[in-house]
Amino acid sequence: MQALLGVIFHSLGGIASGSFYMPFNKVKGWAWESYWMVGGLMSWLIVPPLAAYLTVPGFLDIISAGSSTVVGFTFLMGLLWGVGGLTYGLGVRYLGMSLGNSVVLGFCAAFGAVVPSIYYNFNPEEGKVSFTDMLGSSGGQVVLLGVLVCLIGIGLSGRAGMLKEKELSDEEKKESVLEFNLVKGLIVAVLSGILSSFFSFGIESGKPLADAAVEAGYDHLFANNVTFVVILWGGLLTNLVWTTILSIKNKSYKDFTNKSTPIRNNLIFSALAGTIWFLQFFFYGMGESKLGSGASSWILHMSTIILTANLWGIYRKEWKGVAKKTKLTITAGIIVILLSVVLVGIGNSI
């Protein structure tokens, strides 16, 4: 029953993340940094502490009483993940929902699933699975096979993008993805995927905070909300600094007073996108508490996002006009990535 609840919570989180970009499409006349700043303030500054207060009212006391090393390292992971979040927006901007999410989140899934185990090789902790442990067990080997399969799925998705690049004219590409740029998009997406996986490392390093919440008598289901506050503080700093620099450089801060744009609607849709975005980790934290930490939780979450984002991409006709071979290639990439989830789940259960 707990495993089933975990899968449901993970899926809800994946659906939320895969859908968060859609409200941004309703923003009219604003620069990217303007709506990203508003959405970020909601998703990293306002909503996380609110969620923590509603579920773990003493979260600030837990953080202040926590080890400075734990809090500092968790914050650092959020800082690095924040760079991944910034470049994620650019990856989707240049590649579209389907291809952008497949590449970004495929790399994020693979690195987020494997690297924590490598960390525990150098810093062993009781109850934590190291990379050596994975290599030495049949279950761990299946998990690593699943990660390899995930990378193959990423390769197929990238191949589909290359085929699309060759087949469509610039006008046709921009009809579905306004700023489509395969080379620039792939570079940004790979960087984003690797750095975005640092959220997974942040959850691992911040586990003592979640454990302290449980010891204080709070529901285990919501304990991760304490850790998320610290991680997202790091992400907030990265994103706020960069969007402020762009806002000043491009003078896009004038967007907030530009009456020729629908200011109120833009604020609402940007805030909505940020709130939906946070919900992915709210539900992820609940699912992880039921399934347990490790590769299976992270890769299940990422793959659900990939599936949801690709469904949005199909709905938005991002693959309209491409040859049947290209459509089959991106479909195969999605299926292979989802297969990797099954393999990781099987490996985790062995």
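Residues numbered from 1 in each chain as written. Predicted model: local features only at pLDDT ≥ 70, side-chain atom pairs only at ≥ 80, totals over all residues. Heavy atoms only, no water.

Some points on the overall build of the protein chain
The following threshold applies: Strands here mean DSSP runs of E at least two residues long; helices mean DSSP runs of H or I at least four residues long; both are numbered from the N terminus. Buried means the residue's accessible area, taken with a 1.4 Å probe over protein chains only, is under 20% of the maximum for its type, while exposed means over 50%, and partly exposed covers the values in between. Whether two residues touch is decided by their heavy atoms; if any such pair falls within 4.5 Å, the residues are in contact. Per-residue and other accessible areas were derived by the Shrake-Rupley procedure at a 1.4 Å probe size, with only the shown protein chains allowed to occlude residues.
Across its full length, the protein chain holds 16 helices and zero strands. Out of the 350 residues belonging to the protein chain, those deemed buried represent 55%. Contacts in the protein chain between residues far apart in sequence, at least 24 positions, make up 84% of those at least 6 positions apart. Surface accessibility of the protein chain: about 15200 Å² in total, with carbon and sulfur atoms responsible for 68%.

Here's the deal with the packing of aromatic side chains
As a reminder, the rule being used: The aromatic pairing rule takes the rings of Phe, Tyr and Trp, using the six-membered ring of Trp, and pairs them if the centres are within 6.5 Å, calling planes under 30 degrees apart stacked, those over 60 edge-to-face and the rest tilted.
Scanning the model with the defined rule gives 14 aromatic pairs in all. When the centroid spacing of 5.1 Å and the interplanar angle of 75° are considered together, the rings of Trp30 and Phe256 count as edge-to-face. Here Phe256 lies in the loop between helix H13 (224-250) and helix H14 (263-291) and Trp30 lies in the loop between helix H2 (21-24) and helix H3 (32-55), a separation of 226 residues in the sequence. Overall, the relative accessible area of 8% leaves Trp30 in the buried class. Judged by relative accessible area, which is 26%, Phe256 ranks as partly exposed. Residues Trp81 and Phe199 carry aromatic rings whose centres are separated by 5.0 Å and whose planes lie at 75° to one another, so their mutual orientation is edge-to-face. One end of the pair, Trp81, is in helix H5 (residues 68-95); the other, Phe199, is in helix H11 (residues 198-205), and 118 residues separate them in sequence.

A short note on a nonpolar patch on the surface
Test applied: The patches described consist of residues with a relative accessible area above 30% and no salt bridge, like charges being joined within 9 Å and nonpolar side chains (Val, Leu, Ile, Met, Phe, Trp, Tyr) within 5 Å. Salt bridge criterion: a side-chain nitrogen from Lys or Arg within 4 Å of a carboxyl oxygen from Asp or Glu.
A grouping of Leu145, Leu148, Leu151 and Ile152 is seen on the molecular surface, where their side chains present a nonpolar patch of about 340 Å² in accessible area. For Leu151, the location among the structural elements is in helix H8 (residues 138-167).

Focus on the side chain of Ser252
For Ser252, the location among the structural elements is in the loop between H13 and H14. What makes Ser252 buried here is its relative accessible area of 5%.

Quick look at the environment of Cys150
Residue position: Cys150 is located in helix H8. Under the relative-accessibility criterion, Cys150 is labelled buried at 0%. C-alpha separation for the pair Cys150 and Ile337, spaced 187 residues apart in sequence, amounts to 4.7 Å.

A few points about the nonpolar core
To keep things clear, this is the line we draw: Only buried residues count toward a nonpolar core, which is a set of Ala, Val, Leu, Ile, Met, Phe, Trp, Tyr and Cys residues joined through side-chain atoms within 4.5 Å.
Within the largest apolar cluster, 65 residues are counted, with the highest numbers of intra-cluster contacts made by Phe199, Val226 and Leu232. No other element matches the nine residues that H3 contributes to this core. Not counting chain neighbours up to four residues away, the residues in contact with Val226 comprise Val56, Phe59, Ile62, Ile63, Leu209 and Ala213.

Overview of the side chain of Thr55
For the record, the criterion: We call two N or O atoms a polar contact when they sit within 3.5 Å, provided that within protein one can donate a hydrogen and the other can accept it, with sequence-adjacent residues counted only if both atoms are side-chain atoms.
Its place among the elements puts Thr55 in helix H3. Polar side-chain contacts of Thr55 include one of 2.7 Å to the backbone oxygen of Ala51. Polar side-chain contacts of Thr55 include one of 2.9 Å to the side chain of Asn225. Look past the residues within four positions of Thr55 in its chain and what remains in contact with it is Tyr218, Phe222, Asn225 and Phe282.

Thoughts on the environment of Lys207
Inspection of the secondary structure assignment puts Lys207 in helix H12 (residues 207-215). Sequence separation between Lys207 and Asn224 is 17 residues; the distance between their C-alpha atoms is 7.8 Å.

Re H13
Rule in force here: Take the number of residues in a helix, subtract one, and multiply by 1.5 Å to get its expected span.
Between its first and last C-alpha, H13 extends 38 Å over 27 residues, near the 39 Å set by a 1.5 Å rise per residue. At the C-terminal side of H13, Lys251 shows a positive phi close to 55°.

Let's talk about unusual backbone geometry
In this model, Lys251 sits at a positive phi of 55°, which is unusual for a non-glycine residue. Topologically, Lys251 is positioned in the loop between H13 and H14.

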